[in-house]
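This is what each chain is made of:
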Amino acid sequence: MAAAAPTAEWFPGLGPPGEVIHLNVGGKRFSTSRQTLTWIPDSFFSSLLSGRISTLKDETGAIFIDRDPTVFAPILNFLRTKELDPRGVHGSSLLHEAQFYGLTPLVRRLQLREELDRSSCGNVLFNGYLPPPVFPMKRRNRHSLVGPQQAGGRPAPVRRSNTMPPNLGNAGLLGRMLDEKAPPSPSGLPEEPGMVRLVCGHHNWIAVAYTHFLVCYRLKEASGWQLVFSSPRLDWPIERLALTARVLGGALGEHDKMVAAATGSEILLWALQAEGGGSEIGVFHLGVPVEALFFVGNQLIATSHTGRIGVWNAVTKHWQVQEVQPITSYDAAGSFLLLGCNNGSIYYVDVQKFPLRMKDNDLLVSELYRDPAEDGVTALSVYLTPKTSDSGNWIEIAYGTSSGGVRVIVQHPETVGSGPQLFQTFTVHRSPVTKIMLSEKHLISVCADNNHVRTWSVTRFRGMISTQPGSTPLASFKILALESADGHGGCSAGNDIGPYGERDDQQVFIQKVVPSASQLFVRLSSTGQRVCSVRSVDGSPTTAFTVLECEGSRRLGSRPRRYLLTGQANGSLAMWDLTTAMHGLGQAPAGGLTEEELMEQLEQCDLAPLASSRGSLPSPSPRTSLTSLHSASSNTSLSGRRGSPSPPQAEARRRGGGSFVERCQELVRSGPEPRRPPTPAPRPSTGLGAALAPPKIKLNETSF
């Protein structure tokens, strides 16, 4: 209804209760009594009709209210009958409008309704909650303590290894002034010291890295997860994290369990005691920025894309650095470490021979295979077949290249000296391959084009890969995971999409759509089918996640369990039972995000407008594809939404043109109700703190 020029008018008094009031809400006429509108005290309507706030009228004399008429209808019905009838209106929209009108009884009822679905105790998959630890005190310099370190409520001894000279850090007055001043982050933005940056697990141990310190938890039989180690406070943000937790009673004694953290080119290594506490082994320098940090058995491995590898051996207590070709990928199988390089070569290192040759400064880096086209090896996966009595292990290697090719090579036990042979080649990607996984049943590859996943079912005969009929195409889908243009340095390593899981079992992808999301989607790596979705119980955004294969307890009938670990922006850690979710797989939705769920996720951030077409975007380099593995993508089920899409959407899909950003903006413009979901009301205090409402995060163009 067209409205005339609005004029302000004041009501002298409340008037008779039976007076009929005519309202024009967003162009739709409503008529009701004054008594119906004003029975709730101190509401918007009582203030409006009493003259405490000014009113606007249309040409018919009806009071004009510039709000959504669709949501106003159930609100007016509640004022008439005191009964709640949503009539298909979204609950958050109804709650927002009820808060605007100041209808306290309706607001409380809607909040209680939300509490039935959202509990601080989580859903059936919620398995544990670890509150944020106590932050350690500042130290005079980086690698020495001012006072006793508190770990699990007891002082933890800290000793210095003689392997490397100590880093004396800053000295004198200038050093103390620099220590008191918080250093800037690598991204130039202020750091959040309480945010979980990285999470990793091994057996029954968990390591959690915050901005300036890390903590370790151990799962004990009867008492659950216990904090057993807390590192001193570091001066610079932790960028890489590695943990190894072998069985009790190992030959290495106190070096049986270790945790390492990397910052720039520097690596700090601690030994962990099973009953709590830890001791610092040493500080090691790679000389170049550390791109990957991990353990192979007892060896700590650090690699850089520049072509440098560093190894620390727990037996010889020796740190050695060696130059190889620029490293773009790696994988380990048993005692073998394989390195994929940008010249198309795959090198291998036998870490069991380290103690024999380290004194000669030789890591025994040997070339295993060279790509026929000499494309850079950007992804690598090694699978060892089960060893039989007739022959040894077959070594099967799948690797992806910078041109998008996927190849499988096989090393026969009888032909160890001649090197592996090319088995099969797939050319189904047009962007650099960023992830690859070869398992007992599947071959999975992910490329840089919005995390496009291609999967094949692997045919095996007597445990070995078969040439007849070979690999069968299984699925093609995308894992949308937008990254922030204002992201925190090093946090991308804590949001790796996967795939996670043992090689002889089904792997899963973890999908976090937007940077500040508090909801994660777990999907099968073979088909893209959704396993489950989890939401943080305290409302804080999820900043890091990983999957832990936790060994079973010694109790009768206990089996290994698979857990999803999520680190939150407020420093807490949550655990989710993926084993239960996998058992109930048939009850979950059949695909990834629906179009409505995708739009709901995208409403949490601002999509930056495109400055150029998709064709002018720079192609990602192999290194970029490796350091941004969680970059993007959604499921092909976006076009399989229930109901027929609107004509603009159908036309855009039929053309297939434009980038993902343009298609999302087209969905926003052409949607039936392109309105922003309102900010939810503050929830009642539950002892875990109020739910966080992070601001919208702008996304850069290259993050798609």
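Just so it is clear, the structure is predicted and the values come from calculations on it, not from any experiment. (Residues numbered from 1 in each chain as written. Predicted model: local features only at pLDDT ≥ 70, side-chain atom pairs only at ≥ 80, totals over all residues. Heavy atoms only, no water.)

**Student:** What am I meant to see in the overall build of the protein here?
**Tutor:** Looking only at helices and strands, the protein features twelve helices and 42 strands. Within the protein, buried positions represent 50% of all 704 residues. A separation threshold of at least 6 residues defines the contact pool for the protein, and within that pool the share at least 24 residues apart is 59%. Working note: accessible area of the protein is about 31900 Å², and carbon and sulfur atoms make up 53% of it. (Helix = DSSP H or I, 4+ residues; strand = E, 2+ residues; numbered from the N terminus. Buried < 20%, exposed > 50% of the residue type's maximum accessible area, 1.4 Å probe, protein only. Contact = heavy atoms within 4.5 Å. Areas by Shrake-Rupley, 256 points an atom, 1.4 Å probe, with all protein chains shown as cover.)

**Student:** Which parts of the structure should I look at to understand helix H3 (residues 69-81)?
**Tutor:** Residue pairs three or four apart in sequence face the same way in an α-helix, which turns once every 3.6 residues. Compared with an ideal rise of 1.5 Å per residue, which puts 13 residues at 18 Å, H3 spans 18 Å between its outermost C-alpha atoms and is within 8% of the ideal. Summarising burial for H3: ten of the 13 residues are buried, a large majority. One side-chain oxygen at the N-terminal end of H3 lies 3.1 Å from the backbone nitrogen of Thr70; it belongs to Asp68. Positive phi shows up at Lys82, right after H3, with a value of about 60°. (Expected span 1.5 Å × (residues − 1). Polar contact = N/O pair within 3.5 Å; in protein donor to acceptor, adjacent residues only side chain to side chain.)

**Student:** What is the right way to read the sheet that holds strand E21 (residues 327-333) from this model?
**Tutor:** Within a beta sheet, neighbouring strands are joined by backbone hydrogen bonds and run either parallel or antiparallel to one another. One open sheet accounts for four strands, arranged E21-E22-E23-E24; its pairing is antiparallel. Looking along the sheet, the strands with just one partner apiece sit at the ends: E21 and strand E24 (366-370). Taken pair by pair, the neighbouring strands of this sheet meet at an average axis angle of 25°, ignoring direction. Pairing of E21 with strand E22 (residues 336-341) involves six bridges; the strand directions are antiparallel. Across the sheet, residue Tyr330 finds its bridge partner in E22, namely Leu339. (Pairing = 2+ DSSP bridges. Axes fitted to C-alpha atoms, helices over the stretch in contact; angles between N-to-C directions.)

**Student:** Quick question: what am I supposed to make of the nonpolar core here?
**Tutor:** As a rule of thumb, soluble globular proteins bury nonpolar side chains together. Within the largest apolar cluster, 28 residues are counted, with the highest numbers of intra-cluster contacts made by Leu23, Leu37, Phe45, Ile65, Phe72, Tyr101 and Leu103. Of all the secondary structure elements, the ones that give two or more residues to this core are strand E2 (20-25), helix H2 (44-50), strand E5 (63-65), H3, helix H4 (91-101) and helix H5 (104-117). For this core, the leading source of residues is H3, giving seven residues. Once you skip the residues sitting within four places of it in the chain, Leu23 turns out to touch Lys28, Arg29, Phe30, Leu37, Ala62, Ile63, Ile65 and Phe72. (Core = buried A, V, L, I, M, F, W, Y, C linked by side-chain atoms within 4.5 Å.)

**Student:** Looking at this structure, how should I read the packing of H3 against H4?
**Tutor:** To describe two helices that pack against each other, one gives the angle between their axes and the distance between the axes. The geometry of H3 relative to H4 is characterised by a closest axis approach of 10 Å and an angle of 70° between their N-to-C directions. As the angle between them shows, H3 and H4 are arranged roughly perpendicular. As for how H3 packs across H4, the hand of that crossing is right-handed. Facing Val71, Phe72, Pro74 and Ile75 of H3, the residues of H4 in contact are Ser93, Leu94, Glu97, Ala98 and Tyr101. (Parallel < 35°, antiparallel > 145°, perpendicular 65-115°, else oblique. Left-handed = near helix turned anticlockwise from the far one by under 90°.)

**Student:** Explain the pattern of salt bridges here, please?
**Tutor:** Close approach of charged atoms allows side chains of opposite charge to pair. Scanning all chains against the criterion turns up eleven salt bridges. Put simply, Asp331 and Arg503 hold a salt bridge, and the shortest N to O gap is 3.1 Å. Within this pair, whereas Asp331 is found in strand E21, its partner Arg503 is found in the loop between strand E34 (472-478) and strand E35 (508-511), the two being separated by 172 residues in sequence. Since its relative accessible area comes to 21%, Arg503 is described here as partly exposed. One salt bridge connects Arg407 with Asp371, and the closest N-O pair in it is separated by 2.6 Å. Here Arg407 is found in strand E27 (residues 406-411), whereas its partner Asp371 is found in the loop between E24 and strand E25 (377-384), with 36 residues between them in sequence. Across the pair, Asp371 and Arg407 agree in class, each one buried. Taken together, the shared-partner salt bridges connect Asp505, Glu549 and Arg562 into one network. (Salt bridge = Lys/Arg side-chain N within 4 Å of Asp/Glu carboxyl O.)

**Student:** Looking at this structure, I do not really get the environment of Ser402. What am I missing?
**Tutor:** Looking at the secondary structure, you find Ser402 in the loop between strand E26 (395-401) and E27. Through-space distance from the C-alpha of Ser402 to that of Thr378 is 5.9 Å; in sequence the pair is 24 residues apart.

**Student:** In this structure, what is going on with the sheet that holds strand E38 (residues 542-550)? I would like to understand it.
**Tutor:** Strands sit in the order E6-E40-E39-E38 across an open sheet of four strands; the sheet is antiparallel. Only two strands of the sheet have a single partner each, and these edge strands are strand E6 (126-130) and E38. On average, each strand axis in the sheet is tilted by 20° relative to the strand beside it, whichever way the strands run.

**Student:** Looking at this structure, how should I read the packing of aromatic side chains?
**Tutor:** When we look at a pair of aromatic rings, we describe it by the centre distance and by the angle of the planes. Applying the stated criterion across every chain, the model contains 21 aromatic pairs. Taking 5.5 Å as the distance between ring centres and 80° as the angle between the ring planes, the aromatic pair formed by Phe44 and Phe45 counts as edge-to-face. Of the two residues examined, Phe44 and Phe45, each falls in the buried class. When the centroid spacing of 5.1 Å and the interplanar angle of 75° are considered together, the rings of Phe100 and Tyr101 count as edge-to-face. Ring pairing ties together the aromatic residues Phe30, Phe44, Phe45, Phe72, Phe100 and Tyr101, which thus form one cluster. (Phe/Tyr/Trp six-rings, centres within 6.5 Å; stacked < 30°, edge-to-face > 60°.)

**Student:** Explain the environment of Glu483 to me, please; I cannot follow it from the model alone.
**Tutor:** Relative to the elements of secondary structure, Glu483 occurs in the loop between E34 and E35. In this structure Glu483 comes out as buried when scored by relative accessible area, which is 18%.

**Student:** In this structure, what is going on with the side chain of Glu239? I would like to understand it.
**Tutor:** Position of Glu239 relative to the elements: it lies in the loop between strand E12 (224-230) and strand E13 (240-245). With no salt bridge to any partner, buried Glu239 finds its closest opposite charge in Arg240, at an N-O distance of 5.4 Å. Here the side chain of Glu239 touches Gly264 through a polar contact of 3.3 Å, landing on its backbone nitrogen. (Lys, Arg positive; Asp, Glu negative; His and termini not counted.)

**Student:** For this particular structure, what's the right way to read the pairing of E27?
**Tutor:** Consecutive residues of a regular strand have side chains that alternate between opposite faces of the sheet. With six of its six residues buried, E27 lies for the most part within the structure. Side chains Val406, Val408 and Val410 project from E27 onto one buried face, and the interleaved Arg407, Ile409 and Gln411 project onto a second face that is buried too. Sheet topology places E26 next to E27; six bridges connect them, and they run antiparallel. Of the residues in E27, the one forming a bridge with Ile395 is Gln411. In this antiparallel pair of consecutive strands, E26 and E27, the connection spans four residues, and Gly404 shows a positive phi of 100°.

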